[in-house]
Amino acid sequence: GVILSEWLTKQNADVSTNQALLDELFVDSRYAERPTIGDTAIIAHATSDVLRQYYEACYLPANMAVTVVGDVDTAQVRATIERLFAAWKPSLPQHPHSRYTIPAYRQKAARIATAPNEKKIQFEAMTRIEPVGSILTAGDMQGYALRMVTSRLIRQRMAQYSFGDYAYSDGQMGRGAFFEGGDVWLSSATLSPEDVSGGILDFLQCQQQIL
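In this text, all values refer to a predicted model and were calculated from it rather than measured experimentally.

A few words on the overall build of the protein. Scanning the protein from terminus to terminus reveals eight helices and three strands. Rg of the C-alpha trace for the protein: 22 Å, well past the compact-globule value of 17 Å for 211 residues, more than 25% over. Seen through its principal axes, the protein has C-alpha atoms that stretch 65 × 50 × 35 Å. The 211 residues of the protein split such that 18% are buried. Of all intrachain contacts in the protein linking residues separated by at least 6 positions in sequence, the fraction that spans at least 24 positions is 72%. For the protein, the exposed area adds up to about 16200 Å²; of that, 55% sits on carbon and sulfur atoms. Charged side chains in the protein number 19 positive and 23 negative. The centres of these two groups are separated by 5 Å.

Scanning the entire structure with this criterion turns up seven aromatic pairs. With centroids separated by 4.8 Å and ring planes inclined at 20°, the aromatic side chains of Tyr55 and Tyr59 adopt a geometry described as stacked. Judged by relative accessible area, which is 44%, Tyr55 ranks as partly exposed. Owing to a relative accessible area of 43%, Tyr59 belongs among the partly exposed residues under this scheme. By way of ring pairs, the aromatic residues Phe123, Tyr161, Tyr166, Tyr168 and Phe203 are connected into one cluster.

In the Ramachandran plot, Asp170 falls in the positive-phi region, its phi being about 55° despite a non-glycine side chain. Look at Asp170 and you get partly exposed, because its relative accessible area is 42%.

With that out of the way, let us pick up the side chain of Ser188. For Ser188, the position within the fold is in strand β3 (residues 182–191). Ser188 has contacts with Gln122, Phe123, Glu124, Asp170, Gly171, Gln172 and Phe203, leaving out every residue within four places of it along the chain.

Relative to the elements of secondary structure, Asp202 occurs in helix α8 (residues 196–210). Notably, Asp202 is buried but unbridged: the nearest opposite-charge side chain belongs to Arg157, and the N-O separation is 15 Å. If we ignore the near neighbours within four places in the chain, the residues touching Asp202 are Tyr166, Ala167 and Tyr168.

Before going further, it helps to examine the environment of Ile81. Mapped onto the fold, Ile81 is located in helix α6 (residues 74–85). When the C-alpha positions of Ile81 and Ser134 are compared, they lie 22 Å apart, and in sequence the two are 53 residues distant.

It is worth spelling out the pattern of salt bridges at this point. The full count for this structure, using the stated rule, is three salt bridges. In this structure, Asp49 and Arg52 form a salt bridge, with 3.4 Å as the shortest nitrogen-oxygen distance. Here Asp49 pairs with Arg52, and both are found in helix α5 (residues 48–58), just three residues apart, close to one helical turn. Overall, Asp49 belongs to the partly exposed group, its relative accessible area being 47%. Here Glu82 ties to Arg78 by a salt bridge, and the two come within 3.3 Å at their closest N and O atoms. Here the residue Glu82 and the residue Arg78 both occupy positions in helix α6, the gap between them amounting to four residues, near one helical turn.

Geometry of a packed helix pair, given as the angle between the helix axes and the separation of the axes. Here helix α7 (residues 138–161) crosses α8 at 145°, and the two axes come no closer than 11 Å. In this structure, the crossing between α7 and α8 has a hand that is right-handed. Contacts between α7 and α8 involve Ile154, Arg157, Met158 and Tyr161 on the former and, on the latter, Phe203, Cys206, Gln209 and Ile210. Taken together, the residues of the contact of α7 with α8 break down into six nonpolar, one polar and one charged.

The rules behind the values
Residues numbered from 1 in each chain as written. Predicted model: local features only at pLDDT ≥ 70, side-chain atom pairs only at ≥ 80, totals over all residues. Heavy atoms only, no water. Helix = DSSP H or I, 4+ residues; strand = E, 2+ residues; numbered from the N terminus. Rg over C-alpha atoms; globule rule 2.2 N^0.38 Å. Buried < 20%, exposed > 50% of the residue type's maximum accessible area, 1.4 Å probe, protein only. Contact = heavy atoms within 4.5 Å. Areas by Shrake-Rupley, 256 points an atom, 1.4 Å probe, with all protein chains shown as cover. Lys, Arg positive; Asp, Glu negative; His and termini not counted. Charge placed at Lys NZ, Arg CZ, Asp CG, Glu CD. Phe/Tyr/Trp six-rings, centres within 6.5 Å; stacked < 30°, edge-to-face > 60°. Salt bridge = Lys/Arg side-chain N within 4 Å of Asp/Glu carboxyl O. Axes fitted to C-alpha atoms, helices over the stretch in contact; angles between N-to-C directions. Left-handed = near helix turned anticlockwise from the far one by under 90°. Nonpolar A, V, L, I, M, F, W, Y, C, P; charged D, E, K, R; others polar.

Structure follows, in structure tokens:
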């Protein structure tokens, strides 16, 4: 009941239009078929035994990450983690985990998504890009710092543009990590109902100047 109540509270215009964008991004992959909150038909008929079996089969140290931040003795913390988790074994047979990928785009695509209660016109563009990888070396940290500085500069410039005489408002763009194996370059703007096409052109021009 709690899960279904949460699902109901999120059935609004933003959810339906955002799902349309995610469908484009995930290109008919498993991610498009499986929303995070789950299938309401399955949720409504799930038993406590099924949920408990899932928990015992999947919530294991091998599927977890432990993060410790602070002025600590690294060796001591590592030994403590190993002592607490090493003996934690699955009580049920393990099923191999499937790794799902997203197929390459066949062509550029655009979609117009509408909702009865939507109160604004939003333009969003998404381009899949190669992931940057983990930060493991000093060189990786330098690249990370450069991305952070660049991101802040972009936000400042987009904020300056918001005071200009454009047919859009609240312009934003930046890099996002959406899924394993791929990042996304995102850009968005709120358009004026009086000049939707002009707002898109204004925003794309401002974005191109920054790039």
